[in-house]
Protein chains: 2
Amino acid sequence: MNIAALIAQIKKKQSFLCVGLDTDLDKIPKHLLREEDPIFAFNKAIIDATQAYCVAYKPNIAFYEAYGLEGWKALEKTIGYLNTKYPEQFTIADAKRGDIGNTSTRYAKAFFETLNFDSITIAPYMGKDSVEPFLEFEDKHAILLALTSNKGAFDFQTKRLKNEELYKEVLATATTYKNAERLMFVVGATKANYLTDIRKIVPNSFLLVPGVGAQGGSLKEVCTYGMTDNVGLLVNSSRGIIYAENGNDFAQAAAAKAKALQTEMKAELKRANLV
Amino acid sequence: MNIAALIAQIKKKQSFLCVGLDTDLDKIPKHLLREEDPIFAFNKAIIDATQAYCVAYKPNIAFYEAYGLEGWKALEKTIGYLNTKYPEQFTIADAKRGDIGNTSTRYAKAFFETLNFDSITIAPYMGKDSVEPFLEFEDKHAILLALTSNKGAFDFQTKRLKNEELYKEVLATATTYKNAERLMFVVGATKANYLTDIRKIVPNSFLLVPGVGAQGGSLKEVCTYGMTDNVGLLVNSSRGIIYAENGNDFAQAAAAKAKALQTEMKAELKRANLV
């Protein structure tokens, strides 16, 4: 999917919500465990219930890998379902990959070609030749970890280099990579006060913002400091939506949570005169 | 596997060679493509042929993920074969994972429990709470990217923080993590001149050293500056061994390459009075 199509979807739906599909067999409603593929059954119900209110879905790959072959099958079915039934949805493989050149190419093929995701999250530590292979695919996007929403972010990301903090160096350097226009960046919502600085370095890039909801970030703050003329934001919520309830009406409960966030987003989009 | 068992294997075999199973259907001998599972058929032959000369195997997970379900099945069979037939081999999932706490726990379970690898490579960018979940498993090890062997390593890893280069900060900080004694570190062989500095920070940790052979690193230099009283080194070679030939005698050719490296290692171990 190209950026223009994503922006069009955001404006049409008045939402820049991404629903994280961190599907955990210990947390999904018990009655689904009787299904042949409980992970996919849960995802399908959540997707059908929430798709009207969001523009992106983000399975965190760890949750699927943890179940081995069965998990991988469920992931294939989930992305297949999204691609077939809701091709307008932007899909993000939250995989946090990154390796030397030829190996990154393998990961890129796995997620962009075999699974046909629109984008993948990437760790920057190994630098340019670990990121650029992901940028060689037209209409596909690499979402680089910049400033993450966890406590450990302070271990290195906010450490000051001679002149700058590391995450700023990551942002500035990444903008020099080949096909850098296909890059997006992960910026933790819980660090909205950093957004002003970040927008100085990447004024137009899309930011994938986790951490609203369960992790305590403020949507309003994110919008105030991070929104661009083309919105430039995808805000993710995983647990807050998909585990809103765990009885028979889990999907409707997920829809209600998604709708509530979308309503807040609509207000922010109006406040910024973007819809 | 605990470190003592690994060290005992190294001394017994007079080798600290790790064979990288970066199995690529475009590169394996053509006659294997007729097998039901060509990836596993290739790995099995390579393992049988090289196991006498090495102490570890390292499948790079990207190569398996690139083939989707079939690749994942081949990976399961490969680790199963190693665990059953050669339980004395140290197994490394070269996955370069890392995510926030509960998600890292998922990856840890995927690789340590579902697949039963002894260790996994981890990216440090997200800090403490992304690494510690991997250190909660007894006799399992996390191998942290410190100074990698690719050109992109100079993008960030060697950038100087106020006082130190980033990779040194990664090393020093990681030693403060809970269960840090289960950590190992990735250090690119092509940067053997950095080894003296690294050993000042982590004098005893095992280092996983890629980049000998195809990437141009020198085994002698690595040993001179990186070896400890307990060896403290696992040196990996992937393409240089597994793709030594691609005809019918590919496995014997791989064995010959592995044996040649083992012979060099034996000499280094003797030079250091460790065997």
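Since we're looking at a predicted model, the values are computed, not measured.

A. Representation of the interface of chain A and chain B in the model. Across the boundary between the two partners, chain A contributes 57 residues, which contact 56 residues of chain B. At the boundary of chain A with chain B, total buried surface from both sides reaches about 5,000 Å², with 59% on carbon and sulfur atoms. When residues of chain A are sorted by the area they lose upon contact with chain B, A:R106, A:Y125 and A:F156 head the list and together hold 19% of the total. Linking chain A with chain B are 8 salt bridges.

B. Fine view of the packing of helix 2 (residues 38-50) of chain A against helix 12 (residues 250-271) of chain A. Residue and element names in this part refer to chain A. At their nearest, the axes of helix 2 and helix 12 sit 8 Å apart, and the two run at 40 degrees to each other. Considering the angle they form, helix 2 stands oblique to helix 12. Seen from above, helix 2 lies across helix 12 with right-handed handedness. Taking contact as the criterion, the partners of F42, A45, I46, A49 and T50 in helix 2 are, on helix 12, F250, A251, A254, A255 and A258. Grouping the amino acids of the contact of helix 2 with helix 12 by side-chain chemistry returns 9 nonpolar, 1 polar and no charged.

C. Region of the structure containing the packing of aromatic side chains. Residues and elements named next belong to chain A. With the rule as written, the count across this model stands at 19 aromatic pairs over all chains. Look at W72 and F111: their rings are 6.4 Å apart centre to centre, the planes differ by 65 degrees, and that puts the pair in the edge-to-face class. Of this pair, W72 sits in helix 4 (residues 68-85) while F111 sits in helix 5 (residues 101-114), and the two are 39 residues apart along the sequence. Taking relative accessible area as the criterion, F111 reaches 0% and is therefore assigned buried. Ring geometry for F111 versus F117: centroids 6.3 Å apart, planes at 55 degrees, classification tilted. You'll find F111 and F117 in the same group, each marked buried.

D. Summary view of the sheet that holds strand 3 (residues 90-97) of chain B. Residues and elements named next belong to chain B. One closed barrel accounts for 8 strands, arranged 1-2-3-4-5-6-7-8; its pairing is parallel. Strand after strand, the sheet turns through a mean of 30 degrees between neighbouring axes, direction not considered. Contacting strand 3, strand 4 (119-122) and strand 5 (141-147), helix 5 (residues 101-114) crosses the sheet at an angle of about 155 degrees to strand 3.

E. Molecular detail of the nonpolar core. Of all hydrophobic cores here, the largest spans 211 residues; its most connected members are A:F16, A:F111, B:F16 and B:F111. Setting aside anything within four residues of it in sequence, one finds B:F16 in contact with B:I10, B:V55, B:L219, B:C223, B:M227, B:V231, B:L233, B:L234, B:V235, B:M265 and B:L269.

F. Structural context of helix 5 of chain B. All names here are of chain B. Given a rise of 1.5 Å per residue, 14 residues ought to cover 20 Å, and the 19 Å separating the end C-alpha atoms of helix 5 matches this to within 8%. Of all the residues in helix 5, the buried ones are T103, S104, R106, Y107, A108, A110, F111 and F112. Positioned one or two residues after helix 5, N116 has a phi angle of 60 degrees, which is positive.

G. Structural context of unusual backbone geometry. Residues and elements named next belong to chain B. In this model, N116 sits at a positive phi of 60 degrees, which is unusual for a non-glycine residue. Mapped onto the fold, N116 is located in the loop between helix 5 and strand 4. Taking the relative accessible area as the measure of exposure, N116 reaches 34% and is therefore partly exposed. Look at N273: it is not a glycine, yet its phi comes out positive at around 55 degrees.

H. Representation of the relation of the copies chain A and chain B within the structure. Of the two same-sequence chains, chain A is brought onto chain B (RMSD 0.0 Å, axial shift 0.0 Å) by a rotation of 180 degrees. Here the copies are linked by what is in effect a two-fold axis. Taking C-alpha positions as the reference, the residue of chain A nearest the rotation axis is A:L161, at 1.9 Å. Interface overlap between copies: 98% of the residues of chain A at the interface are likewise at the interface in chain B, consistent with a symmetric, same-surface contact.

I. Examining the pairing of strand 4 (residues 119-122) of chain A more closely. All names here are of chain A. On strand 4, burial covers both faces: S119 and T121 on one face and I120 and I122 on the other are all buried. In this fold, the crossover linking strand 3 (residues 90-97) to strand 4 by way of helix 5 has right-handed handedness. Sheet topology note: the strand 4/strand 5 (residues 141-147) ladder contains 4 bridges and is parallel. Note on strand 5: the bridge partner recorded for T121 is I143.

J. Seen up close, the environment of B:F206. Residue and element names in this part refer to chain B. With respect to the secondary-structure elements, F206 resides in the loop between helix 9 (195-201) and strand 7 (207-209). Taking relative accessible area as the criterion, F206 reaches 4% and is therefore assigned buried. Separated by 186 residues in the primary sequence, F206 and G20 have C-alpha atoms spaced 17 Å apart. Setting aside residues no more than four positions away along its own chain, F206 makes contact with I3, L6, I7, I10, M184, F185, N230, G232, L233 and L234.

K. A look at the environment of A:L115. Residues and elements named next belong to chain A. Its place among the elements puts L115 in the loop between helix 5 and strand 4. Taking relative accessible area as the criterion, L115 reaches 5% and is therefore assigned buried. Along the sequence, L115 and N83 sit 32 residues apart, while their C-alpha atoms lie 9.7 Å from each other. Look past the residues within four positions of L115 in its chain and what remains in contact with it is W72, L75, E76, I79, N83 and A110.

Rules used in this analysis
Residues numbered from 1 in each chain as written. Chains lettered and ligands numbered in written order. Predicted model: local features only at pLDDT ≥ 70, side-chain atom pairs only at ≥ 80, totals over all residues. Heavy atoms only, no water. Contact = heavy atoms within 4.5 Å. Buried area = accessible area lost by both parts, 1.4 Å probe. Salt bridge = Lys/Arg side-chain N within 4 Å of Asp/Glu carboxyl O. Axes fitted to C-alpha atoms, helices over the stretch in contact; angles between N-to-C directions. Helix = DSSP H or I, 4+ residues; strand = E, 2+ residues; numbered from the N terminus. Parallel < 35°, antiparallel > 145°, perpendicular 65-115°, else oblique. Left-handed = near helix turned anticlockwise from the far one by under 90°. Nonpolar A, V, L, I, M, F, W, Y, C, P; charged D, E, K, R; others polar. Phe/Tyr/Trp six-rings, centres within 6.5 Å; stacked < 30°, edge-to-face > 60°. Buried < 20%, exposed > 50% of the residue type's maximum accessible area, 1.4 Å probe, protein only. Pairing = 2+ DSSP bridges. Core = buried A, V, L, I, M, F, W, Y, C linked by side-chain atoms within 4.5 Å. Expected span 1.5 Å × (residues − 1). Least-squares fit on C-alpha atoms with pLDDT ≥ 70 in both. Right-handed = clockwise from strand over helix to strand, strands pointing away.

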